[in-house]
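Coordinate inspection notes
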Amino acid sequence: MKNLSEASALARLQREKAALQSHIKVNYEPGARDCRVCPTPGVCCTDAHFVNVHITRLEAVAMRETLRRTPRLDDAARRAVYARARLAVERYHLRALTAAGDTYAQTYSCPLFAPGVGCLVHARAKPAPCIQHACYDNWEEMPPVRLQWRAERRVELLNEKTYGAAWAWLPTPLWLTLIDPDGDGAELARLARVWGARRTAPTTTPNNAARRAPDGKGRRRRRSLPVIAAR
Ligand code: SF4
Ligand code: SF4
């Protein structure tokens, strides 16, 4: 049921993400490795064998607004982000509708990572799995997956209230191309019609936290979640 304006949903989304970010920072970050002294900074964002973070339509709009407002980027740098997103979609063959129906098998190098700066949407529009992600030496100190699951469930509800059925969990670069402010919006309009016509609600499709391995044994595919660092 659509009963929320996009502006209200964006404000609520930001509050939810900020709360998760503070919770992780206070309770779990002390046990994580320090990214400032990482020998391979940003590899967790750019390793195309590893990253399969999916976001929703509302999160993509939040990213677009963050990129639009950040004083870190001039117009050329902003355009470069969308150009990197298009390149990632082509290079890694990212698709909204796959033959297997499993978009989570698609991995990519994230176009939002800027060397020397880090994540360009860190403060205001970071996806939940990225908020939880860090390298830990001990399993006991890692944040539980239920935190991400709860955050993503709330994100799903906000999307539902804002767009009805016209949204889906998709790889971040793909969403960035769909909401590119210089794009014509035709592909998003086409997909919105497809999604709007499907029988099942979008929230019955898996989010990042709910993905399970194809062996059906319940092991979660958590490429985007915290990892135990190799010693
Ligand atoms: S999360 Fe891990 S791999 Fe990524 S920058 Fe931090 S220490 Fe390095
Ligand atoms: S959104 Fe930010 S934290 Fe997440 S993979 Fe991209 S650059 Fe890294």
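Values in this document were obtained by computation on a predicted structure and should not be read as measured data.

**Points about the overall build of the chain**
Looking only at helices and strands, the chain has eight helices and six strands in total. Relative to its 231 residues, the chain shows a buried fraction of 35%. By sequence separation, contacts in the chain at least 24 residues apart represent 83% of the contacts at least 6 residues apart.

**Side note on helix α1 (residues 6–27)**
Between the first and last C-alpha of α1 there are 31 Å, a value that for 22 residues agrees with the 32 Å anticipated at 1.5 Å per step. Along α1, the residues that are buried comprise A9, L10, L13, K17, L20, Q21 and I24. Projected down its long axis, α1 shows its buried positions confined to an angular sector of 100 degrees, all on one face. Set apart from the buried face of α1 by more than 90 degrees, the exposed residues are A7, A11, R15, A19, S22, V26 and N27.

**Re helix α6 (residues 145–163)**
If you check α6, its first and last C-alpha atoms are 27 Å apart, about what 19 residues at 1.5 Å a residue would give, namely 27 Å. On its buried face, α6 is in contact with α1, α3 (57–69) and α5 (128–132). The first or second residue beyond α6 is G164, which carries a positive phi of 65 degrees.

**Here's the deal with the packing of α1 against α3**
Viewed as axis vectors pointing N to C, α1 and α3 meet at an angle of 85 degrees, and their least axial separation amounts to 10 Å. Relative to α3, the element α1 lies roughly perpendicular. Contacts from E6, A9, L10, L13 and Q14 in α1 reach L58, E59, V61, A62 and E65 in α3.

**Considering the site of ligand 2**
In the vicinity of ligand 2, the residues found are C45, V51, V53, C110, L112, F113, C119, V121, K126, P127, C130 and T172. Per-class residue counts for the shell around ligand 2 are ten nonpolar, one polar and one charged.

**Observations concerning the confidence of the model for the chain**
Per-residue confidence for the chain averages 89 on the pLDDT scale, and 87% of its residues sit at or above 70. Per-residue pLDDT stays below 50 along residues 211–223; that stretch engages in 16 contacts with residues further than four places along the chain or on separate chains.

What counts and what doesn't
- Residues numbered from 1 in each chain as written.
- Chains lettered and ligands numbered in written order.
- Predicted model: local features only at pLDDT ≥ 70, side-chain atom pairs only at ≥ 80, totals over all residues.
- Helix = DSSP H or I, 4+ residues; strand = E, 2+ residues; numbered from the N terminus.
- Buried ≥ 20, exposed ≤ 12 C-beta atoms within 10 Å, placed from the backbone.
- Contact = placed C-beta atoms within 7 Å.
- Expected span 1.5 Å × (residues − 1).
- Arc of directions from axis to C-beta.
- Axes fitted to C-alpha atoms, helices over the stretch in contact; angles between N-to-C directions.
- Parallel < 35°, antiparallel > 145°, perpendicular 65-115°, else oblique.
- Near = placed C-beta within 6 Å.
- Nonpolar A, V, L, I, M, F, W, Y, C, P; charged D, E, K, R; others polar.
- pLDDT = per-residue confidence, 0-100.

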